[in-house]
Amino acid sequence: MIAGLPIADPQFWIVTATVAIAVALAVRRVVRSLRRESARPCASCSRARAVPSTPWSPRWARPRLPVVALVAVLAPVGAAATTVERQVEVMGTTLRVEVEGADRTAALAVAESLLREVEATERRLSTWRDDSELAALNAAPAGTWRALSAETFAALAGAWSCAERTGGAFDPTLAPLVAAWGLRTGGRLPSATELAAARAATGPERLALDAGRRRVGKRSQVTIDEGAFGKGAALDAALAADSSAGFVRIDLGGQLAWRGAPAPQTVALADPRDRGRPALDLTLAAERGSLATSGDGERRFAVGGETFGHLLDPRTGRPARDFGSVVVAAASGLEADCLSTALFVLGPELGARWLAGAGRGVEAVYLVVESGRLRALATAGLAGGLRPRAEDIEIEILESSS
Ligand code: AMP
Ligand code: MG
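It should be emphasised that the depicted structure is a prediction, and the values quoted were computed from it without experimental measurement. Every chain is numbered independently, its residues counted from 1 as its sequence is written. The naming scheme follows written order: chains are lettered A onward, ligands numbered 1 onward. Local features are withheld for residues below a pLDDT of 70 in this predicted model, meaning they are given only at 70 or higher, and side-chain atom pairs are given and counted only at 80 or more; totals for whole chains, interfaces and linings count all residues. Hydrogens and water are ignored here; the side-chain numbers use all heavy atoms of the structure.

Enquirer: Describe the confidence of the model for the protein chain, naming the residues involved and giving the relevant values.
Expert: Per-residue confidence for the protein chain averages 86 on the pLDDT scale, and 80% of its residues sit at or above 70. One number per residue, pLDDT, summarises how confident the predictor is, and it ranges from 0 to 100. Two residues qualify as a contact provided that any one of their heavy atoms is within 4.5 Å of a heavy atom in the partner residue. The low-confidence segment residues 36–78, where pLDDT is below 50, has 37 contacts with residues more than four positions distant or belonging to other chains.

Okay, here's the thing in structure tokens:
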């Protein structure tokens, strides 16, 4: 690259050649027009009628439209920064990455490294496979210690910190409850005995974290479910994988993480009554961060005429009350992921109280369905950026303790 020009990128030369041809054609047209004007005898006509079309008049532009359109389409590609998009299936969901780089080759390389990091996180954390670090930890006998990779230890430390901050509303050890409710197999109703046994086998205190030696100890049998923090951990690992790019935005199954945002970005928030329909637009000013949503809308199951959700309340061992959904903006993917689950479990009333004491750095909006209408209860940091898409959506600002 010379002085910032991506001369190794073939598209740079395509754009340069296209622009040069367009400019040459424009200059030729102007010169010809001027010659024609000075040669044409037009004593009787007004000056305005006598003047031929300017180069950018419709008459001139029409035959040149393909050239102009080509320049318009290719210009962004040849500009100093280029944005590429990639989409793959990973972690049982769709991953979309958008990367701005100095040129196309550089942006594609960054996109590839982000994808690889998400795949690597899946290999470390997924309990849907037998060969991950978490699967091995789950299978290890009680009373043993296991050394973990730096990434897995960091993810568990973040999850355990979230469990503590939310008074256990978020509980990464509730795999026995997930199994009792058959959440991975289409759903079932556990008996009272099964439920009691599953509840007795959960609790974050069952695992000891030793940061100094990067290991965890199973005080008693404990099984970890990464469902509510794995995607967030993958997003953080992906953003940390490469710092060379400008703007990077990743969408992993609906959770967003970004960095280097040059300007505020607007995202659509799904209506919990019909998740295919956006209910509000949210403009996010943060240069970096993550946005996660928890809701039961898409993942409910019916047993004996009753429907249940996949978000479990560790206080009761039962699915949490379904009120709508909650969207959380936080500095990291893991924090947004864990907190959206916890705030759903707490529900709008307790959640609002928790948010009031949470301080800066965590913003949220509860989308509460009441008698068919939608209320958006937002922290002050998000409320200003919310725009309803329908008239019947009310926005209320949640009180903060500061
Ligand atoms: P999310 O969609 O991020 O809210 O995560 C939902 C998934 O996390 C569920 O499918 C369960 O596997 C798991 N889960 C459910 N309830 C909880 C909870 N209270 N704490 C931690 N994980 C949970
Ligand atoms: Mg979550």
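That shown, we press on.
Enquirer: Lay out the pairing of strand β5 (residues 215–218) in plain terms, naming residues and giving numbers.
Expert: Think of it in three bands: residues with accessible area under 20% of the maximum for their type are buried, residues over 50% are exposed, and the middle band is partly exposed, with areas taken using a 1.4 Å probe on protein chains only. What counts as a helix is a DSSP run of H or I of at least four residues, what counts as a strand is a run of E of at least two, and both are numbered from the N terminus. Here β5 shows no split at all, with Arg 215 and Gly 217 on one side and Val 216 and Lys 218 on the other all buried. DSSP-based pairing: two strands are paired if at least 2 bridges between them are found. Pairing of strand β3 (residues 145–147) with β5, which is carried by three bridges, proceeds in the antiparallel orientation. Bridge pairing in β5 links Arg 146 to Val 216. Relative to β5, strand β4 (residues 207–210) runs antiparallel, the two sharing four bridges. When the bridges of β5 are listed, Asp 210 appears paired with Arg 215. The turn joining β4 and β5, which pair antiparallel and follow one another in sequence, is formed by four residues; a positive phi near 50° is taken by Arg 214.

Enquirer: An account of the site of ligand 1 is needed here, citing residue identities and associated values.
Expert: One heavy atom within 4 Å of a molecule or strand is enough for the residue carrying it to be called near that molecule or strand. By nearness alone, 16 residues border ligand 1, and Ala 169, Asp 171, Ser 294, Leu 312 and Thr 341 come closest of all. Any pair of nitrogen or oxygen atoms within 3.5 Å is treated as a polar contact; in protein, a donor-acceptor pairing is required on top of that, and neighbouring residues in sequence qualify only through side-chain atoms on both sides. A distance of 3.5 Å separates an oxygen atom of ligand 1 from a polar backbone atom of Gly 227. Measuring from a nitrogen atom of ligand 1, one finds a backbone N or O atom of Leu 312 at 2.8 Å. When isolated, ligand 1 has an accessible area of 500 Å², and the protein chains bury 94% of it. Looking at the shell around ligand 1, the element that brings in the most residues is helix α10 (residues 333–358), giving three residues. Note on residue classes: Ala, Val, Leu, Ile, Met, Phe, Trp, Tyr, Cys and Pro are nonpolar, Asp, Glu, Lys and Arg are charged, and everything else, Gly too, is polar. Its residues assigned to classes, the shell around ligand 1 comprises eight nonpolar, four polar and four charged. Boundaries of every domain are those given by an automatic assignment or by a domain database. A domain split of the shell around ligand 1 shows at least three residues from each of domain 2 (127–218) and domain 3 (263–402). All accessibility values rest on the Shrake-Rupley procedure with a 1.4 Å probe; residue burial counts only the protein chains present in the view.

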